Amino acid sequence: MNEKKEQNNEFKTDKKLRRLTRVQIIVGILVVLATTAVSGVRYVGNFLFITVSELIFTMVSPLSGTGTDTVSEIVAYCAPLIIIAIVGYTAFFFLSRWVLKRFLRKGNETHITRCRRTVMGLTLAFLLLLPAGWLYIDRVIDLSGYLRSLRDTTTIYEEQFADPLELRPRAENPRNLILIYLESMETTYASPDKGGIQEKNLIPRLTALAEENVNFSFRDGFGGHRAVPGTTWTTGAFFATQSGLPFAFPITNYAEMGRYEKFAGGTTTLGDILRADGYDLSFYMGWELQWGGYDKYTAQHGDYRIYDVYSAQADGTVPEDYYVWWGMEDLYVFEAAKRGIAETAKGDQPFFTIVQTMDTHFPDGYECALCDKSIEPLAARVVDCADRQVADFVEWCMAQDFYENTTIIILGDHPRMDTALVEGVAYSDRPVYNCFIHSAVEPQQSTFNRSCTTVDMFPTIMAAIGYEIPGDRLGIGTDLFSSSPTLAEEMGYAELSAELAKSSPYFTTRFA
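What comes next concerns the included structure. (Residues numbered from 1 in each chain as written. Predicted model: local features only at pLDDT ≥ 70, side-chain atom pairs only at ≥ 80, totals over all residues. Heavy atoms only, no water.)

## Some thoughts on the sheet that holds strand E3 (residues 280-284)
Then, number 1: Reading across the sheet, the seven strands line up as E2-E7-E6-E1-E5-E3-E4 and stay open at both edges, with mixed pairing between neighbours. Of all the strands in the sheet, just strand E2 (224-225) and strand E4 (305-307) have a single pairing partner and so form its edges.
Then, number 2: Where strand E1 (residues 176-182) and strand E5 (residues 351-356) come together, five bridges link them in parallel fashion. Paired with Leu179 across the two strands is Ile354, which belongs to E5.
Then, number 3: On the sheet, helix H9 (residues 204-212) packs against E1, strand E6 (406-412) and strand E7 (432-437) and is oriented at approximately 50° with respect to E7. (Pairing = 2+ DSSP bridges. Helix = DSSP H or I, 4+ residues; strand = E, 2+ residues; numbered from the N terminus. Contact = heavy atoms within 4.5 Å. Axes fitted to C-alpha atoms, helices over the stretch in contact; angles between N-to-C directions.)

## A short note on the pattern of salt bridges
Note on pairing: side chains with opposite charge can pair once their charged atoms come close.
Then, number 1: By the definition in use, this model includes 16 salt bridges.
Then, number 2: In this structure, the salt-bridge partner of Arg305 is Asp280, at a minimum N-O distance of 3.1 Å. Of this pair, Arg305 sits in strand E4 while Asp280 sits in strand E3, and the two are 25 residues apart along the sequence.
Then, number 3: Across the salt bridge formed by Arg388 and Asp384, the nearest N and O atoms sit 3.2 Å from each other. Of this pair, Arg388 and Asp384 both sit in helix H16 (residues 378-398), separated by four residues, roughly a single helical turn.
Then, number 4: Salt bridges linked by common partners bring Glu367, Lys373, Glu376 and Arg381 together as one network. (Salt bridge = Lys/Arg side-chain N within 4 Å of Asp/Glu carboxyl O.)

## Points about the packing of aromatic side chains
Aromatic rings considered in pairs are described by the distance between their centres and by the relative angle of their planes.
Then, number 1: Applying the stated criterion across every chain yields a total of 33 aromatic pairs.
Then, number 2: Between Phe247 and Phe263 the ring centres are 6.3 Å apart and the planes differ by 75°, which places this aromatic pair in the edge-to-face class. Residue Phe247 is located in the loop between helix H10 (234-243) and helix H11 (251-254), and its partner Phe263 is located in the loop between H11 and helix H12 (270-276); the two are separated by 16 residues in the primary sequence. One exposure class covers both Phe247 and Phe263, and it is buried. (Phe/Tyr/Trp six-rings, centres within 6.5 Å; stacked < 30°, edge-to-face > 60°. Buried < 20%, exposed > 50% of the residue type's maximum accessible area, 1.4 Å probe, protein only.)

Dropping the structure here:
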């Protein structure tokens, strides 16, 4: 009888120990996941200016095509804390197993029970890291605010959307369009006398181009437009300037576009309109087309002819195994664009060419062979290099025969995402660069002190190449060459931003 009782006690003990082991493993997984989240948010809080939407978009997007330095820097920063959590918890796990085994050998059920309960209590104590981690994450990136915005809804799109498909902008003599997107180009890179914050103007040539041509600024003097929710990262900003709408799709659904047949199938974009009007469309970039859904967008909204890093490998511009940064440096992109535009310009069609850069992407940017090594720090050196390359490209365009009937537009995509060169400056005080060269129309009022945002670029681009914009609005953007007020001017920038941060069932069903 005693032997059977001892066997039952052993069985109960083993069962309780197995349960304890399962609990410890589950808690360990939660601790590592929480530590990973906290370390990632810690990196964001210390080095980046990004929203929760951008963070989620980045996390669920495929790594293919992402700049190698970006990934390695984040991993290097986050790894130590994650390793400490794994090593620390693993040490606790095995130490607790060793202690329990010692008590089991002694066979005292009372002591075994006390030890098991103590280990369970210490194990569950690790779960206190979860609410502590939540509080930290919420303080750094306002996660609760983001969740509230998902619950709150807006009707701004039903009330303010001007459908390009219905309005159908027209142009009697449409111009060629060269549209240059500059990664993370903001006007804070200028010197204080030009409205920037740098000791020395890092973008003197871009500053001069803006002053000599048309620059729309939310302040008095050289500046730019401001980003609003849904336009603060590359894909979002690109989409907004092409459609007059922020990227307000459910982020988790649209982050990996390769899984979906349509990219914003309910929208009519700049490429759609120009393709229908007989334009030849081309796109020059230095990274992989699949990144950020660009393959879907360019195929479905204009059917652009694409030149990317793999095109450069194929035509011998770079070696077959060449791959640096996000693919290849901007200098090769500009060289390819010159060749392509010169060839396209020989045809009878008007042309629309996009050139998109990446060397100025965080962290710090990529130093190419053209960079001035005497300039410090690296981020400033790369911005200075981008300034020179863009100015040289524009100068080349101006010297060509096709320039007589061509408008050149230079846009930053969004403010830079890290704190390099802009530490301490409020996000709303960091305007995105814009410059309209050889526009088909003149502004009807001052281009300064206009509260303008990224969504206003779409109708403004169309007006610049000679299109008449019925009602001066496309999407929710306003033609800045007109005297009509923008939504930011009507509502106020802060209120507009608050509305665009909210979810919209109408947007999801209407434009997806």
